[in-house]
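Understanding the architecture of this molecule
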Amino acid sequence: MDEAARVTEPVSGDPRDWDADAAVANLYAVHWRPMVRLAALLMGETASAEEVVADAFVGLHRRWPRLRDPQAAAAYLRASVVNGSRSVRRHRDVEVRRRQPGSPEPAGPEERALRSEEDARVLAALRRLPRRQQEVLVLRYYADASEAEIADTLGVSRGAVKSHAHRGVAALRAALTEEGLR
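Here's a quick rundown of the structure. (Residues numbered from 1 in each chain as written. Predicted model: local features only at pLDDT ≥ 70, side-chain atom pairs only at ≥ 80, totals over all residues. Heavy atoms only, no water.)

Check the secondary structure of the protein and you find nine helices and zero strands. Secondary structure of the protein in N-to-C order comes out as α-α-α-α-α-α-α-α-α. When contacts within the protein are restricted to residue pairs at least 6 apart in sequence, long-range pairs at least 24 apart make up 63% of them. Approximately 11,500 Å² of the protein is accessible, and the part contributed by carbon and sulfur atoms is 52%. (Helix = DSSP H or I, 4+ residues; strand = E, 2+ residues; numbered from the N terminus. Contact = heavy atoms within 4.5 Å. Areas by Shrake-Rupley, 256 points an atom, 1.4 Å probe, with all protein chains shown as cover.)

This part is about the packing of helix α2 (residues 20-43) against helix α3 (residues 47-63). At a minimum axis separation of 8 Å, α2 and α3 run at an interaxial angle of 150°. In terms of axis orientation, α2 runs roughly antiparallel to α3. Two packed elements cross with a definite hand, and for α2 against α3 that hand is right-handed. Contacts between α2 and α3 pair A20, D21, V24, L27, Y28, H31, W32, M35, V36, A39, A40 and M43 from the former with S48, A49, E50, V52, V53, A54, F57, L60 and H61 from the latter. When its residues are assigned to classes, the contact of α2 with α3 shows 16 nonpolar, three polar and two charged. (Axes fitted to C-alpha atoms, helices over the stretch in contact; angles between N-to-C directions. Parallel < 35°, antiparallel > 145°, perpendicular 65-115°, else oblique. Left-handed = near helix turned anticlockwise from the far one by under 90°. Nonpolar A, V, L, I, M, F, W, Y, C, P; charged D, E, K, R; others polar.)

Residues of helix α8 (residues 147-154) that are buried: E147, I150, A151, T153 and L154. All buried residues of α8 lie within an arc of 165° about the axis, which places them on one face of the element. (Buried < 20%, exposed > 50% of the residue type's maximum accessible area, 1.4 Å probe, protein only. Arc of directions from axis to C-beta.)

Here is the structure:
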């Protein structure tokens, strides 16, 4: 068997027995698409989302020998994707503040195809929320993460997760109701 095939074929067994290549191959097969969707929702587009997720997998590969609980690798990936998305957005925010105003770039064909009119309204309202509320809502309702998983991923308490989720849902509901009345 050649090296490329060995790296990409998933292996079964206990994650604690996997080497870094086997771990990344298995996790990639299961988690690539959901992680890209998570990053795309947090960042608002897919191209950078794929880069952030690829970086998360590279980081996991590098860190695998030192990972205390290999069975928590999916949580490590999710946290890496959220943190990477934050970094990209922060960098983008700085660029936007320094950029001279110009005409907005049209959305690419992938983004247009993925969004229906209703989804676009919800995503627009979601993006107007504070960043922490956005992260909590995306992790809760898209990634289907529990309060404990969200708290762990974001490094906050479960109470903070509940508070951000409650405020975020209320703000979304108000924004969508207001938009529907216009």
